[in-house]
Amino acid sequence: MPPARDNPKRPRRIVDPRAELAALREIGKALSGAWDLDTTLHKITETTANVMRMDSCSIYLVDKAQRALILKASTGLSPAAINIGRLQMGEGITGSAAESGKPAAARDAVNDPRFMYVPGTEEQKFKSLLAVPLISQGNILGAMNVQTETFHEFKKPEIELLSLIGELAAGALERARLHDNLQRQIAELSTLARVSQTLTAPMYLDEMLNVIV
């Protein structure tokens, strides 16, 4: 039986340097306008899938409390799996990329010994997978992957391009986390200020407790 081939009707995937440079410009442009974490995650997956002409792009971030990689955003997997789907560090092709700090690719992902199906993602329709780590200032933030619905041999230019995108994405995600933390601290300080004003103002006990709660 002859090996499955890419669908000839699919758009040609990025292979030349000019296309790669244009793709990186698109990624940079998309990320420059994103500040909060959710928006940044969505921008990364959406733009990466578009510029690389992949059928899916997903991001898993490290959750230190759960000691796992949690699916935080995806263009092709089931929306119901967001914040639920998980891999252990080193588990699956994506977890392997995160643990090793190096890209991991598989033309026939399901039959790759590293493959691990993530329940609820509905990723059965995808054939090939390429994953790269997300590293910022030496810290592993997680990993991102792209997938195709037809068998695809990931070439060196595509692997290098996704690796470069991963570097840009890691910096943007770190910035977004700092932004979210700052906004949370501002909200907490604002609440403390209100509580302080309440405690120094004449008020019935029930009203005071309601404000504090």
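Calculation criteria
One numbering rule holds for all chains: residues counted from 1, following each sequence as written. Given that this is a predicted model, residues contribute local features only at a pLDDT of at least 70 and side-chain atom pairs are listed and counted only at 80 or more, while totals for whole chains, interfaces and linings are drawn from all residues. Derived side-chain values reflect all non-hydrogen atoms in the structure, with water molecules and hydrogen atoms excluded from consideration. To sort residues, take the accessible area from a 1.4 Å probe on protein chains only and compare it with the maximum for the residue type: under 20% means buried, over 50% means exposed, and anything in between is partly exposed. By definition, any uninterrupted DSSP run of H or I lasting at least four residues is a helix, any uninterrupted run of E lasting at least two residues is a strand, and each is numbered from the N terminus. Pairing between strands is defined by DSSP: at least two bridges between the two strands are required. Definition used in this section: a nonpolar core is a set of buried Ala, Val, Leu, Ile, Met, Phe, Trp, Tyr and Cys residues joined via side-chain atoms within 4.5 Å. Here a helix's expected span is defined as the number of its residues, less one, multiplied by 1.5 Å. We call two N or O atoms a polar contact when they sit within 3.5 Å, provided that within protein one can donate a hydrogen and the other can accept it, with sequence-adjacent residues counted only if both atoms are side-chain atoms. Residue contacts are counted whenever heavy atoms from the two residues lie within 4.5 Å of one another. Throughout, an axis means a line fitted to C-alpha atoms (over the contacting stretch in the case of helices), and angles, computed between N-to-C directions, take values from 0 to 180 degrees.

Q: Go over the pairing of strand 1 (residues 56-63) with me, naming the residues and quoting the values.
A: Among the eight residues in strand 1, six count as buried, and that is most of the element. Alignment of strand 1 against strand 6 (residues 139-148), held across six bridges, turns out to be antiparallel. Note on strand 6: the bridge partner recorded for serine 58 is asparagine 145. As judged from the six bridges shared by strand 1 and strand 2 (residues 68-74), these two strands associate in the antiparallel manner. Of the residues in strand 2, the one forming a bridge with serine 58 is serine 74. As consecutive antiparallel partners, strand 1 and strand 2 are separated by four residues, and within that stretch arginine 67 has a phi angle of approximately 55°, a positive value.

Q: Summarise the nonpolar core; cite the residues concerned and give the values.
A: Membership of the largest hydrophobic core comes to 25 residues, with the highest contact counts inside it found for Leu134, Met144 and Leu173. The set of elements that each furnish at least two residues to this core consists of helix 2 (37-52), strand 1, strand 5 (128-136), strand 6 and helix 4 (156-199). Residues Leu71, Ala81, Leu87 and Ala143 belong to the second largest nonpolar core, which totals 10 residues.

Q: I'd like a rundown of helix 2, residues and numbers included.
A: What sets the pattern is the α-helix's 3.6 residues per turn: residues three or four places apart point alike. Compared with an ideal rise of 1.5 Å per residue, which puts 16 residues at 22 Å, helix 2 spans 22 Å between its outermost C-alpha atoms and is within 8% of the ideal. Those residues of helix 2 that sit buried are Leu37, Thr40, Leu41, Ile44, Thr45, Thr47, Thr48, Ala49, Val51 and Met52. Positive phi appears at arginine 53, one or two residues downstream of helix 2, with a value of about 55°.

Q: Run through the side chain of threonine 148, naming residues and quoting values.
A: With respect to the helices and strands, threonine 148 occurs in strand 6. Residue classification places threonine 148 among the buried positions, given a relative accessible area of 0%. A distance of 2.7 Å separates the side chain of threonine 148 from the backbone oxygen of threonine 150, its partner in a polar contact.

Q: Lay out the sheet that holds strand 2 with the relevant residues and their values.
A: Within the open sheet, the six strands sit side by side as 3-2-1-6-5-4. Their pairing is antiparallel. Unpaired on one side and paired on the other, strand 3 (86-87) and strand 4 (104-106) mark the two borders of the sheet. Contacts from helix 3 (residues 92-100) reach strand 1, strand 2, strand 3, strand 4, strand 5 and strand 6, with the element oriented near 30° to strand 5.

Q: Pulling in residues and values, what's your account of unusual backbone geometry?
A: Positive phi values are uncommon outside glycine, yet arginine 67 reaches one of about 55°. One can find arginine 67 in the loop between strand 1 and strand 2. On the accessibility criterion, arginine 67 (71% relative accessible area) is exposed. Located in the positive-phi region is glutamine 137, a residue other than glycine, with phi close to 50°. You can see glutamine 137 is positioned in the loop between strand 5 and strand 6.

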